[in-house]
Amino acid sequence: MKRFAKWVLLLAVSVAVTVPLTLAGVPSAALFAALVVGIALALAGLAPAGVPRRAGVAAQGVLGVYIGTMVSQNAVGALGPNWLPVLGVAVGTLLLSVLAGALLGLHRDVSPLTGSLALVAGGASGLVAIARELGGDDRVVSVVQYLRVALVTASMPLVVTLVYHADKTHGSAGVLHESATAPWYLSLVMLVGLVLVGSTAGRLIRLPGAGLLGPLALTVVLQLTGLSFGLSVPAVLVQAGYLVIGWQAGLAFTPESLRAVARILPTALALIVVLGVATAGLGVALAHLAGLTPLEGYLATSPGGVYAVLATAVETGSNVTFVIAAQVVRILLMLFVAPLLARGMARLGGRRRTAEPAVVTAGS
């Protein structure tokens, strides 16, 4: 009964914190709230021992399908003849992310694999969900990833106003038109099928992070072939998935590991700023190659905060369809390729150190 009471307390406080964060426009508010609340209750000795593995895998699957529904034929078609520059910029962002992660991995409290996952510029919630499965420390990954998202989202209005002098007096004429969505019961059946088939197939082919990437890959295929029939993931399941993923990382914190993460933050903050400036440079290149405005190039290559990007693109009359298509390409590339590169970084780092410091990995 005591264990049940801890779960009730964890859920109640997490929901109570999620509501105001959602109203304030915080990205993935439920995940952030669950992470913070999980840490607080774990340190106070009032939290459950941990999230059951099956619940974690189910949450990964739900999130994978949800991310997959961001892909659409219209968005991909919007790239037109500019798909190669967009792909090149996404690859450049990925390489910059892995390089920044390798530098973070030089810190004594972080392994190269954890550092690489922590600074990948895209798919924050997805990478947090599979970090532990890949052999990284999901506590470090979650804190650094959401520090990145928070900084990018908070700085975007300032950059748009002070650097690009954007005019927000008119909306965008290029807003994506949403297609009809399937009834909730059909979406629920498809969701269950995609999660079960995708995760199972992913494990059979030894796909890294199969619980997330398997369902994600299947959903993308259905979206691009027009066979998704308007699939949409019920909002309550998305929020539940975010809560489980946040708890998974937050409940593993100890006072010692929290101090270790605090030591990492100054280095991580500096690398996030450098990464943001570098991707802004890639945005200048993309704007030149694709015939975009400098603002559209910046929004298309922004290393995080995709919903803030969408809102800003609409407010400033930018080419919303192109910007979101470029963002989707970036997110998918990060989620599918970053785990492979991170493992490569881990092998290289293994020659320098054989294991992560115990101060960070305990309980991971």
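Quick notes on the rules
Residues numbered from 1 in each chain as written. Predicted model: local features only at pLDDT ≥ 70, side-chain atom pairs only at ≥ 80, totals over all residues. Heavy atoms only, no water. pLDDT = per-residue confidence, 0-100. Contact = heavy atoms within 4.5 Å. Phe/Tyr/Trp six-rings, centres within 6.5 Å; stacked < 30°, edge-to-face > 60°. Buried < 20%, exposed > 50% of the residue type's maximum accessible area, 1.4 Å probe, protein only. Lys NZ or Arg CZ within 6 Å of the ring centre and 35° of its normal. Core = buried A, V, L, I, M, F, W, Y, C linked by side-chain atoms within 4.5 Å. Helix = DSSP H or I, 4+ residues; strand = E, 2+ residues; numbered from the N terminus. Expected span 1.5 Å × (residues − 1). Arc of directions from axis to C-beta.

1. Notes on the confidence of the model for the chain
Confidence in the prediction for the chain averages 86 pLDDT; 90% of positions are at 70 or higher. Across residues 353–364, confidence stays below pLDDT 50; counting only partners more than four residues off in sequence or on other chains, it has 36 contacts.

2. A look at the packing of aromatic side chains
One pass over the full model with this rule turns up three aromatic pairs. With 5.9 Å between their ring centres and 80° between their planes, Trp184 and Tyr185 make a pair best called edge-to-face. Comparing Trp184 with Tyr185 shows no difference in burial state: the two are exposed. Sitting over the face of the ring of Phe253, Arg139 holds its NZ or CZ atom 5.9 Å from the ring centroid.

3. A closer look at the nonpolar core
Core analysis: the biggest nonpolar cluster contains 84 residues, and Leu104, Leu299 and Leu335 have the highest contact counts within it. Excluding residues within four positions of it along the chain, Leu335 makes contact with Ile67, Gly123, Gly126, Leu127, Leu212, Leu213 and Leu216. Counting 12 residues, the second-largest nonpolar core is a separate cluster that includes Leu79, Leu292, Ala300 and Phe322.

4. Topic: helix α1 (residues 2–23)
Taking 1.5 Å per residue, 22 residues should reach 32 Å; α1 reaches 32 Å between its end C-alpha atoms and fits that length. What α1 keeps buried is the set Leu10, Ser14, Thr18 and Leu21. Taken down its axis, α1 places every buried residue within 65° of arc, on the same side. Among the exposed residues of α1, those oriented more than 90 degrees off its buried face are Lys2, Phe4, Ala16 and Leu23. Residues of α1 that are buried make contact with α2 (29–44) and α11 (235–250). Among the residues trailing α1, Gly25 stands out with phi positive, at a value near 80°.

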